Structure formats: structure tokens, C-alpha cells
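Structure at a glance
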Amino acid sequence: ETGVTQTPRHLVMGMTNKKSLKCEQHLGHNAMYWYKQSAKKPLELMFVYSLEERVENNSVPSRFSPECPNSSHLFLHLHTLQPEDSALYLCASSQNGSPNEKLFFGSGTQLSVL
Amino acid sequence: AQSVSQHNHHVILSEAASLELGCNYSYGGTVNLFWYVQYPGQHLQLLLKYFSGDPLVKGIKGFEAEFIKSKFSFNLRKPSVQWSDTAEYFCAVTPPFGGYNKLIFGAGTRLAVHP
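Residue numbers here run from 1 along each chain, matching the order of that chain's written sequence. Each chain takes a letter, starting from A, and each ligand takes a number, starting from 1, following the order in which they are written. For this predicted model, a pLDDT threshold of at least 70 governs which residues receive local features, and a threshold of 80 or more governs which side-chain atom pairs are given and counted, while totals over whole chains, interfaces and linings are taken from all residues. Heavy atoms from the whole structure form the basis of all side-chain values; hydrogens and water molecules are not counted.

1. Describing the interface of chain B and chain A
Every residue pair with non-hydrogen atoms within 4.5 Å of one another is taken to be in contact. Taken together, the 19 residues of chain B in the interface contact 23 residues of chain A. Its largest share of buried area at the contact with chain A, chain B owes to H43, Y100 and N101 of chain B, together 34% of the area lost on that side. Whenever a carboxyl oxygen of Asp or Glu lies within 4 Å of a side-chain nitrogen of Lys or Arg, that contact is scored as a salt bridge. Taken together, chain B and chain A are joined by one salt bridge. Between E56 of chain A and K102 of chain B there is a salt bridge, with its nearest N and O atoms 3.2 Å apart. Residues adjacent in sequence count toward polar contacts only when both atoms are side-chain atoms; beyond that, a polar contact is any pair of N or O atoms within 3.5 Å, and within protein one must be able to donate a hydrogen and the other to accept it. Our count for the contact surface shared by chain B and chain A stands at nine residue pairs in polar contact (both at pLDDT 80 or more). Residue assignment for the side of chain B that touches chain A shows that the elements contributing at least two residues are β5 (32-38), β6 (45-50) and β10 (87-94) of chain B. Examining the composition of the side of chain B that touches chain A, we find that four residues originate from one element, β5 of chain B, more than from any other. Polarity classes work like this: nonpolar for Ala, Val, Leu, Ile, Met, Phe, Trp, Tyr, Cys and Pro, charged for Asp, Glu, Lys and Arg, and polar for all others, with Gly in that last group. When grouped by side-chain class, the residues that make up the side of chain B that touches chain A number ten nonpolar, seven polar and two charged. A 1.4 Å probe defines the accessible area here, and the buried area is the portion of it lost by two parts on being joined, summed over both. We count a stretch as a helix when DSSP gives it H or I for four or more residues in a row; a strand needs E for two or more, and each element gets its number in order from the N terminus.

Right under this line is the structure:
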């Protein structure tokens, strides 16, 4: 148990659906992250939030919309996705977002877009 | 393009064999270096990290890694592996630009240790 919980664990959606991924951390951290892990590709950083402010958007398409209502919760809203968006989406948190900090990862949401 | 490279995608060893997993990065300047591990069915977790000081870093479970600046490398080593070391290992770097943690991962190396 890392203290970072992601729901749902699995999600299947059509290209016209709207769904949301949820991440919650119980570690008192101030920085949260979304990563995408596709088959046979390195983990890709998508978004970084520090103190509920988005500080990094790594050229992610607008069909992915993050939301950080408070320092414990992070959402990823999905709409009109493509089949190539199927992947494991990992949430992580760290103390303050400094470059030498350890990241604590959740178990991920396995997303399939049909 | 600037990146993190892990040389081996799959490694198979017998118990008690020595392990070295290669990692090279292409960023100049001061970087922070990490190895993360994902055991079967578990989440990613930190194995060890380097950001300053002694370039030989010791982590959990008998792992160590050596930062060689001139070679842009941060190879992971363990003198004698166990079956329980079967996992996927990821090298990661935070580049020297930007003030926030923008961890860039390698593609990972799957290690299988046979009894």
C-alpha cells in the first residue's frame, strides 16, 4: 500500500463516452502527477500539479483534461478518446514537486478505448 | 531527442548470478537519477536515487548503482540475485531544466530470476 489510490482499476469506454479517472493520496503531499504507460513504450509524464496549480502540461491533447480540486485529489477527465489512448494511467504524488523527490505511485487504471 | 536508454529489455538469470542493468541518459548539466522497480502485481516503487555526493548509491534489497558522469550512465547492480528480484526495473532522470519534478523514464528492463 503506497498511500495513493486510483479508481477504477479497469475502464472500458467507447470513443464518444465521457469518463473520469480518480486519484487520492493520503500522504499529505503537495504535488501530484499523471503518467501514461503504453505497451512497449516508456512511462510518459502528462501533467504535474503543485499546490493544486498545474505546473506542467507535457503537450497532452485536449481530450485529456486534468483537475486538482485540492492537494489530496486529482482527476483525469476523458472525452472523445481514440483507440491509441488505450494504456495504463498512473497517478503519483510527492512531497513538494522538487526534482530530487521520491514519487509514490498508485496501481493505475487500465483503460481500453473501443 | 533527449532521452533515457535502458540497454536490455529482457534479462534472464539464475539465482546467485550477478546483475548489472545499463542506463544511459542524454541530458547535459546536473541531473537527478533514480531506479524504480515494479514487482509482479505491485505498484512502482523507488529502489534508489542519486542527486549529489558519493556516486555509488546503495538502495534497498542489496541493490546499488554507480553514477559515472563522463559516461552519462547510472547502471544498477546486485552481486547475487534472488528469485524474489524478478520484476521490471525502470531507470529515470529529472532533467536539469525546469523547477519541478519532471521524471523521464526509460523503457524498462524485465528481469526473470530462475531458482
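2. A word on the pairing of strand β11 (residues 109-113) of chain A
Taken residue by residue, a regular strand's side chains alternate between the two faces of the sheet. Residue and element names in this part refer to chain A. Residues T109, L111 and V113 line the buried face of β11, whereas the alternating positions Q110 and S112 sit on a face that is not buried. Pairs of strands are assigned from DSSP output, requiring at least two bridges between the strands. When strand β2 (residues 10-13) meets β11, the two strands line up parallel, connected through four bridges. Paired with M13 across the bridge in β11 is V113. Sheet topology note: the strand β9 (residues 87-94)/β11 ladder contains three bridges and is antiparallel. By the bridge assignment, Y89 is partnered in β11 with T109. Classification of residues uses two cut-offs on accessible area relative to the type maximum, computed with a 1.4 Å probe and protein chains only: under 20% is buried, over 50% is exposed, and between them is partly exposed.

3. Details of the environment of L21 of chain A
Residue and element names in this part refer to chain A. By the secondary structure assignment, L21 is in strand β3 (residues 18-25). Sequence separation between L21 and L74 is 53 residues; the distance between their C-alpha atoms is 8.4 Å. In contact with L21, other than residues within four places in its own chain, are T7, P8, L11, W34, L74, F75, L76, L78, Y89 and T109.

4. Overview of the sheet that holds β3 of chain A
Residue and element names in this part refer to chain A. Read from one edge of the open sheet, four strands run β1-β3-β8-β7, paired in antiparallel fashion. Each edge of the open sheet is held by one strand with a lone partner, namely β1 (4-7) and β7 (64-70). Ignoring which end each strand starts from, the neighbouring axes of this sheet average 20° apart. Across five bridges, β7 lies against strand β8 (residues 73-79) in antiparallel orientation. For P66, the partnering residue across the bridge sits in β8 and is L76. Note on method: axes are straight lines fitted to C-alpha atoms, helices fitted across the in-contact stretch only, with angles between N-to-C directions ranging 0 to 180 degrees.

5. Let's talk about the layout of surface pockets
The volume enclosed by the largest pocket comes to roughly 690 Å³. For the largest pocket, the lining is made up of 30 residues, of which Q37 of chain A together with Q38, E88, F90 and R110 of chain B are closest to its centre. Of all the secondary-structure elements, those providing two or more residues to the lining of the largest pocket are β9 and β11 of chain A together with β10 and β12 (109-114) of chain B. Here the lining of the largest pocket is composed, by residue class, of nine nonpolar, 16 polar and five charged. Of the two site types, the cavity is a set of points on a 1 Å grid over the protein atoms alone where a 1.4 Å probe fits but cannot get out, and the pocket is an open set with protein on both sides within 12 Å along at least five of seven lines, each lined by residues with an atom within 4 Å of a point. Grid points are joined across faces, edges and corners, and a volume is the space filled by probe spheres set on the points.

6. Let's talk about the side chain of T94 of chain B
Within the secondary structure, T94 of chain B sits in strand β10. Engagement of the side chain of T94 of chain B in a polar contact is seen with the backbone oxygen of P99 of chain A, the distance being 3.0 Å. At 2.9 Å, the side chain of T94 of chain B and the side chain of N32 of chain B are in polar contact. When residues no more than four places from it in sequence are discounted, the contact partners of T94 of chain B are P99 of chain A together with V31, N32, F34, N101, K102 and L103 of chain B.

7. Examining the pairing of strand β9 (residues 73-78) of chain B
Residue and element names in this part refer to chain B. Of all six residues in β9, five are buried, a share of seventy percent or more. For strand β3 (residues 19-21) and β9, the ladder comprises three bridges, and the chain directions are antiparallel. If you follow E20 over to β9, its bridge partner there is R77. Sheet topology places strand β8 (residues 64-68) next to β9; five bridges connect them, and they run antiparallel. Paired with F67 across the strands is F74, a residue of β9. The hairpin formed by β8 and β9 contains four residues between the paired strands, and F72 there has a positive phi angle of roughly 50°.

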